[in-house]
Amino acid sequence: MTLQQLNYFLAAIDFGTISKAAEALHISQPSLSDQILRLESEMGTHLFIRTNRRLILTEAGSRLEPHARATTQAAQRGYEAVQSVRQLKDGLASFGTFSSAYQYFLADLICEFRTRYPGVRMRLIGTNSSEVARSVIDGEIEAGLVMLPVNNKNLVISEPVWSTQIGYISASDARLAGSKDMQALLNAPLILSEATWHNSDPIRRLLNQRAQEIGARLEPIIEVEHQETALELAARGLGDLIATRPILHHLGYGDKLKWVPIEPPAFEVFAFIHRADTAISSATREMMQLMRRYLQEVQMAYSHIEC
């Protein structure tokens, strides 16, 4: 039994004859008649009494009719629900971002998305790229924007969509002097953010790996959750931090703190991720497109200080 057969069966009831039903459905009369015969064969009984003037339902046909209508109506509602999601009339966009995304553009992106698609619900999470990657892998959200590298188990990783150089930031000219290689960082009064994720945060992992390569261990003097807190503490002279120039200037610390690159050069590189075995919904895909545009605007806005 197929939906097509049930639709043809109901059309025959509604129009009274095979010829009128076929005309209404814009198909040939033999095609419709053949499908009804197939349905009767599968049921093992006649559904209609065929007269010269019109079709008359048998007892079996009368019993089938309400179930056929319920089934075809449910299928239509299901189709309409899917089309509504595809057309971004409703549904859910679920996405994860890195911790400082809200500093750059997240509120503006959410406002624009809601203006365009007021019927679509939004769920955005993320304080760290490792957390976002885990949430995508576990199926808690559909996709995310993360700093590489991350655990790529069962993930599709896009081309890089944003890259910016990491450097040493301090309010002290004396501590900014000289090459900022790993040995210098080991001796520096570092304030590091992402305290909860210190073992898996991409920047922390990079610094820890470089320290291990020379047989040392990185020991910050202060650990905090948020980069903005670390910048404020550095501006007050309590220590120095590792971060990018865009966030330094975006948060308004460009006149209080100075930036020099670490050696060898290191970069924050961001990309989109989603599960390899799961298609992305239209809503989440549209959010990714908007986010790609906002990232390009951020990159352009700070291109002059990264030359």
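Preceding block: the structure.
Residues numbered from 1 in each chain as written. Predicted model: local features only at pLDDT ≥ 70, side-chain atom pairs only at ≥ 80, totals over all residues. Heavy atoms only, no water.

**Q** Break down the overall build of the chain for me, with residues and values.
**A** Of regular secondary structure, the chain possesses 13 helices and 12 strands. Taken over the C-alpha trace, the chain has a radius of gyration of 31 Å; the compact-globule value for 307 residues is 19 Å, which it surpasses by more than 25%. Within the chain, the proportion of its 307 residues that are buried is 45%. Across the chain, every contact between residues at least 6 apart in sequence was considered, and the portion connecting residues at least 24 apart equals 72%. (Helix = DSSP H or I, 4+ residues; strand = E, 2+ residues; numbered from the N terminus. Rg over C-alpha atoms; globule rule 2.2 N^0.38 Å. Buried < 20%, exposed > 50% of the residue type's maximum accessible area, 1.4 Å probe, protein only. Contact = heavy atoms within 4.5 Å.)

**Q** Talk me through the nonpolar core; I want residue IDs and the actual numbers.
**A** Ranked by size, the top nonpolar core spans 59 residues in total, and within it Phe105, Leu145, Ile242 and Met291 carry the most contacts. Here the element with the most residues in this core is helix α13 (residues 282-301); it accounts for eight residues. (Core = buried A, V, L, I, M, F, W, Y, C linked by side-chain atoms within 4.5 Å.)

**Q** Can you tell me about the layout of surface pockets, naming the residues and giving the values?
**A** Each pocket or cavity is described by its volume, and for the largest pocket that value is around 240 Å³. Tallying contributions element by element places helix α10 (residues 202-213) first for the lining of the largest pocket, with four residues. Taken together, the residues of the lining of the largest pocket sort by class into five nonpolar, four polar and four charged. (1 Å grid on protein atoms, 1.4 Å probe; cavity = no way out; pocket = protein on both sides within 12 Å on 5 of 7 lines; lining within 4 Å. Points joined across faces, edges and corners; volume = space filled by probe spheres on them. Nonpolar A, V, L, I, M, F, W, Y, C, P; charged D, E, K, R; others polar.)

**Q** Kindly report on the packing of aromatic side chains, identifying the contributing residues and their values.
**A** For the structure shown, the criterion picks out seven aromatic pairs. Aromatic pair Phe95 and Phe272: ring centres 6.1 Å apart, planes at 70°, arrangement edge-to-face. With Phe95 in strand β3 (residues 92-96) and Phe272 in strand β12 (residues 267-275), this residue pair connects regions lying 177 residues apart in the sequence. The pair Phe95 / Phe272 is uniform in exposure class, with both members buried. The side chain of Lys180 reaches across the aromatic face of Tyr168, ending 4.7 Å from its centre. Over the aromatic face of Tyr294 sits the side chain of Arg293, whose NZ or CZ is 4.8 Å from the ring centroid. (Phe/Tyr/Trp six-rings, centres within 6.5 Å; stacked < 30°, edge-to-face > 60°. Lys NZ or Arg CZ within 6 Å of the ring centre and 35° of its normal.)

**Q** Lay out the pairing of strand β5 (residues 143-147) in plain terms, naming residues and giving numbers.
**A** Taken across its five residues, β5 has five buried, putting it largely inside the fold. On β5, burial covers both faces: Ala143, Leu145 and Met147 on one face and Gly144 and Val146 on the other are all buried. Note: β3 against β5, two bridges, orientation parallel. Directly across from Gly96, in β5, lies its bridge partner Gly144. (Pairing = 2+ DSSP bridges.)

**Q** For empty space enclosed by the protein, give the residues involved together with the corresponding values.
**A** Across all of its chains, the model carries one cavity of 30 Å³ or more by this definition. Of the pockets and cavities examined, the largest cavity occupies roughly 270 Å³. If you go around the largest cavity, you meet 22 residues; those closest to its centre are Glu194, Asp201, Ile203, Gln227 and Glu268. Listing elements by their share of the lining of the largest cavity, those giving two or more residues are α10, β10 (241-244) and β12. Take the lining of the largest cavity: its biggest share by element is three residues, from α10. Across the lining of the largest cavity, the residue classes break down as 10 nonpolar, eight polar and four charged.

**Q** Go over the packing of helix α1 (residues 3-15) against helix α3 (residues 29-43), please, and point to the residues and values.
**A** At a closest axis distance of 9 Å, the pairing of α1 and α3 adopts a crossing angle of 110°. Considered as vectors, α1 and α3 are oriented roughly perpendicular to each other. Residues Gln4, Gln5, Leu6, Tyr8, Phe9 and Ala12 of α1 form the contact with α3, whose participating residues are Ser31, Leu32, Gln35, Ile36, Arg38, Leu39 and Glu42. Of the residues assigned to the contact of α1 with α3, the class counts are seven nonpolar, four polar and two charged. (Axes fitted to C-alpha atoms, helices over the stretch in contact; angles between N-to-C directions. Parallel < 35°, antiparallel > 145°, perpendicular 65-115°, else oblique.)

**Q** A description of the side chain of Arg275 should follow, citing residues and the corresponding values.
**A** Mapped onto the elements, Arg275 comes out in strand β12. Among the polar contacts made by the side chain of Arg275, one reaches the main-chain carbonyl oxygen of Ile137 at a distance of 2.2 Å. Within polar-contact distance, the side chain of Arg275 engages the side chain of Thr278 at 3.5 Å. (Polar contact = N/O pair within 3.5 Å; in protein donor to acceptor, adjacent residues only side chain to side chain.)

**Q** Tell me about unusual backbone geometry, and name the residues and values.
**A** For the bond running from Leu148 to Pro149, omega is 0°, close enough to zero to count as cis. Along the chain, the position of Pro149 falls in the loop between β5 and β6 (155-157). Geometrically, the link from Glu263 to Pro264 is a cis peptide bond, its omega value of -10° lying close to zero. Structurally, the position occupied by Pro264 is in the loop between β11 (258-261) and β12. The residue Asn154 is not glycine, and still its phi comes out positive at about 60°. By the element assignment, Asn154 lies in the loop between β5 and β6. Of note, Glu194 is a non-glycine position whose phi angle comes to about 60°, a positive value. Structurally, Glu194 can be placed in the loop between β8 (191-192) and α10.

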